[in-house]
Amino acid sequence: MIFSSAVETRFPDFADHTGKLTGLGVEFFLASNETVRPQLNELPYGHKLNWLDFTDTSERDWSVRDFLNLFNVINGIAFGDRGIPMPQWVMVDLILMPAAALIASLPQDEFAAMVERSTFRFDTDVKQLLRKVQEDMRASGYTGPVPVGGYCAAPSAEPGRWVGWSLWSLMPAVGLGKAAKALALSAYRAQKLDGVTQYDNSALKVHTEFGALKVLVATVPFHTSPGSFVYQSDLTLPAGFRDPEPTFLLDPFDYDRQQAMQKDIEAGRCEFYVLPPGHVRQDGKTYVPILEKELSR
């Protein structure tokens, strides 16, 4: 069964700024393999994605293998401060074989300019690490584009339900993360999206652009990053659906409150939703707006 694009139906204007990004030199790729290509939408929001088959060994101007390796390396730099870099076998087994990676890139000159002018808030060593990436590219003779963001998800056992697990961008304030996720969800034809993130993760601002996040599991102690939780986005809700006001504001580091939420979920007493915009500031601190719904017994 091939589903239509739920994300385009619910959020028809999400990729309006894709043209602006391409004007900045951003190019979007869909990396996968030919066996699953018929199941993917290569024209999300009317934007033609550049197809990359990771098994292709034919000659071209630049190496697909090097490009995908750069995606892996830079993805690790973007997530390095959280201790969750992606091993290459994970990229092959969980993205490129069963699904696809949506990859945003810049030409090398634009990438170099972006590195020098940007102030990376998530890790003080990012600029130094990206300069090392540039040195390695020059040494290897690689002349192709350089990944600057992307999104990855894998299909679940439930048709139409996907599990997202890598959203990143090196270009803040231009909507690249939002565009990458929207294009990818349309490419996957996802109906529902599950994922794991952290209450203090700034990516919540992007994730909640796709509607309120239902908290499936309020605390995941087994995860590498503290403060992790499991959420679900329902992309099948009608367009223009509005979220209510929050019931309370959650301190991202209040692990006791998160454990209490989990006990309420397990007991079937309540449902919890993370509301847009994901993070709000109050009295100089960052909080997560939470809607609490009591369930009838």
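Residues take numbers from 1 onward in each chain, read along the sequence in its written order. The predicted origin of the model limits local features to residues at a pLDDT of at least 70 and limits the giving and counting of side-chain atom pairs to 80 or more, whereas totals for whole chains, interfaces and linings rest on all residues. Hydrogen atoms and water are omitted, and side-chain values are computed over all heavy atoms in the structure.

**Points about the pairing of strand β12 (residues 285-294)**
Here is step 1: For two strands to be treated as a pair, DSSP must find at least two bridges joining them. Counting from the N terminus, the helices are the DSSP runs of H or I reaching at least four residues and the strands are the DSSP runs of E reaching at least two. Pairing of strand β9 (residues 248-250) with β12, which is carried by three bridges, proceeds in the antiparallel orientation. Its bridge partner being in β12, Leu-249 is matched across the sheet by Pro-289.
Here is step 2: Both strand β11 (residues 280-282) and β12 contribute to a ladder of three bridges, which runs antiparallel. Looking at the pairing, Arg-281 lines up with Thr-286 of β12.
Here is step 3: Counting the residues that bridge the hairpin from β11 to β12 gives two residues, and of these Asp-283 lies at a positive phi of roughly 55 degrees.

**Thoughts on the nonpolar core**
For soluble globular proteins, the rule of thumb is that nonpolar side chains tend to be buried together.
Here is step 1: We define a nonpolar core as any set of buried Ala, Val, Leu, Ile, Met, Phe, Trp, Tyr and Cys residues linked to one another through side-chain atoms lying within 4.5 Å. The classification of residues rests on relative accessible area computed with a 1.4 Å probe and restricted to protein chains. Under 20% of the type maximum is buried, over 50% is exposed, and intermediate values are partly exposed. The biggest cluster of nonpolar side chains holds 71 residues, and the ones touching the most others in it are Phe-28, Phe-111, Leu-176, Leu-185 and Tyr-188.
Here is step 2: Residue contacts follow a heavy-atom distance rule, with two residues in contact if any of their heavy atoms lie within 4.5 Å. Leaving out residues up to four positions away in the same chain, Leu-185 has contacts with Val-7, Tyr-151, Ala-190, Leu-193, Phe-210 and Leu-235.
Here is step 3: Judged by nonpolar contacts, the second largest core, of 15 residues, contains Tyr-199, Cys-270, Val-288 and Ile-290.

**Observations regarding the packing of helix α5 (residues 108-117) against helix α6 (residues 126-140)**
Axes are the key here: two packed helices are described by the angle between their axes and the distance separating the axes.
Here is step 1: At a minimum axis separation of 10 Å, α5 and α6 run at an interaxial angle of 155 degrees. With respect to each other, α5 and α6 are oriented roughly antiparallel. Note on packing geometry: the crossing formed by α5 with α6 is left-handed. Two secondary-structure elements touch here, α5 through Gln-108, Phe-111, Ala-112, Val-115 and Glu-116 and α6 through Lys-127, Leu-130, Arg-131, Gln-134 and Met-137.
Here is step 2: Three residue categories are used. Nonpolar comprises Ala, Val, Leu, Ile, Met, Phe, Trp, Tyr, Cys and Pro, charged comprises Asp, Glu, Lys and Arg, and polar comprises the others, including Gly. Split by residue class, the contact of α5 with α6 holds five nonpolar, two polar and three charged. Every axis in this analysis is a line fitted to C-alpha atoms, fitted for helices over the stretch in contact. Angles between the N-to-C directions lie between 0 and 180 degrees. An angle below 35 degrees is read as roughly parallel, one above 145 as roughly antiparallel, one from 65 to 115 as roughly perpendicular, and any other as oblique. In a left-handed crossing the near helix is turned counterclockwise from the far helix by less than a right angle, and in a right-handed crossing that turn is clockwise.

**Side note on the packing of helix α3 (residues 64-79) against α6**
Here is step 1: Look at α3 against α6: their axes get within 10 Å of each other, and the N-to-C directions meet at 165 degrees. Classified by the angle between their axes, α3 and α6 sit roughly antiparallel to one another. Handedness of the α3/α6 crossing: right-handed. Residues Leu-70, Val-73, Ile-74 and Ile-77 of α3 touch α6, and the partners they reach there are Val-126, Leu-129, Leu-130, Val-133 and Met-137.
Here is step 2: Of the residues belonging to the contact of α3 with α6, the class tally is nine nonpolar, no polar and no charged.

**Notes on α6**
Here is step 1: Expected span, for any helix, means 1.5 Å times one less than how many residues it has. In this model, α6 (15 residues) spans 21 Å end to end at C-alpha, consistent with the 21 Å of a helix rising 1.5 Å per residue.
Here is step 2: For α6, the complete set of buried residues consists of Val-126, Leu-130, Val-133, Gln-134 and Met-137. Buried residues of α6 fall within an arc of 100 degrees about the axis and therefore sit on the same side. Exposed residues lying more than 90 degrees from the buried face of α6 are Gln-128, Arg-138 and Ala-139.
Here is step 3: Those residues of α6 that are buried lie in contact with α3, α5 and β4 (146-155).
Here is step 4: Looking one or two places after α6, you find Gly-141, whose phi comes out positive at around 85 degrees. The arc refers to the directions leading from the helix axis to the C-beta atoms.

**Remarks on the environment of Asp-251**
Here is step 1: Here Asp-251 is to be found in the loop between β9 and α9 (255-266).
Here is step 2: Linking Asp-251 and Val-288, residues 37 residues apart in sequence, is a C-alpha distance of 6.5 Å.
Here is step 3: Not counting residues up to four positions away in its chain, the partners in contact with Asp-251 are Gln-258, Lys-285 and Tyr-287.

**A word on the environment of Arg-189**
Here is step 1: Position of Arg-189 relative to the elements: it lies in the loop between α7 (176-188) and β6 (192-198).
Here is step 2: Of the residues examined, Arg-189 reaches a relative accessible area of 18% and is grouped as buried.

**Some points on the packing of aromatic side chains**
Here is step 1: The pairing test for Phe, Tyr and Trp rings, Trp by its six-membered ring, is centres within 6.5 Å, and the orientation test on the planes gives stacked under 30 degrees, edge-to-face over 60, and tilted for anything in between. Considering all chains together, one arrives at ten aromatic pairs under this definition.
Here is step 2: Between the aromatic rings of Phe-11 and Phe-210, the centroid separation amounts to 6.0 Å while the plane-to-plane angle is 80 degrees, which identifies the pairing as edge-to-face. In this pair, Phe-11 sits in the loop between α1 (6-10) and α2 (18-23) while Phe-210 sits in the loop between α8 (204-207) and β7 (213-217), placing the two residues 199 residues apart along the sequence.
Here is step 3: By relative accessible area, which is 0% here, Phe-210 ends up buried.
Here is step 4: Through pairs of rings, three or more aromatic residues link up here, namely Phe-29, Trp-62, Phe-67 and Tyr-142.
Here is step 5: Here Arg-60 stacks its cationic end above the ring of Trp-62, 4.4 Å away from the centre of that ring.
Here is step 6: Remark: a charge is flagged as sitting over a ring if the NZ atom of Lys or the CZ atom of Arg is within 6 Å of the ring centre and within 35 degrees of the ring normal. Over the ring of Phe-210 we find Lys-181; its NZ or CZ atom is 5.0 Å from the centre of that ring.

**Some remarks on unusual backbone geometry**
Here is step 1: With omega at 10 degrees, the peptide bond leading from Pro-276 into Pro-277 counts as cis.
Here is step 2: If you trace the backbone, Pro-277 turns up in the loop between β10 (270-274) and β11.
Here is step 3: The phi angle at Tyr-45 is positive, at roughly 50 degrees, despite the residue not being glycine.
Here is step 4: The backbone of Ala-173 sits at a positive phi, close to 70 degrees, despite the residue not being glycine.
Here is step 5: Residue classification places Ala-173 among the exposed positions, given a relative accessible area of 84%.

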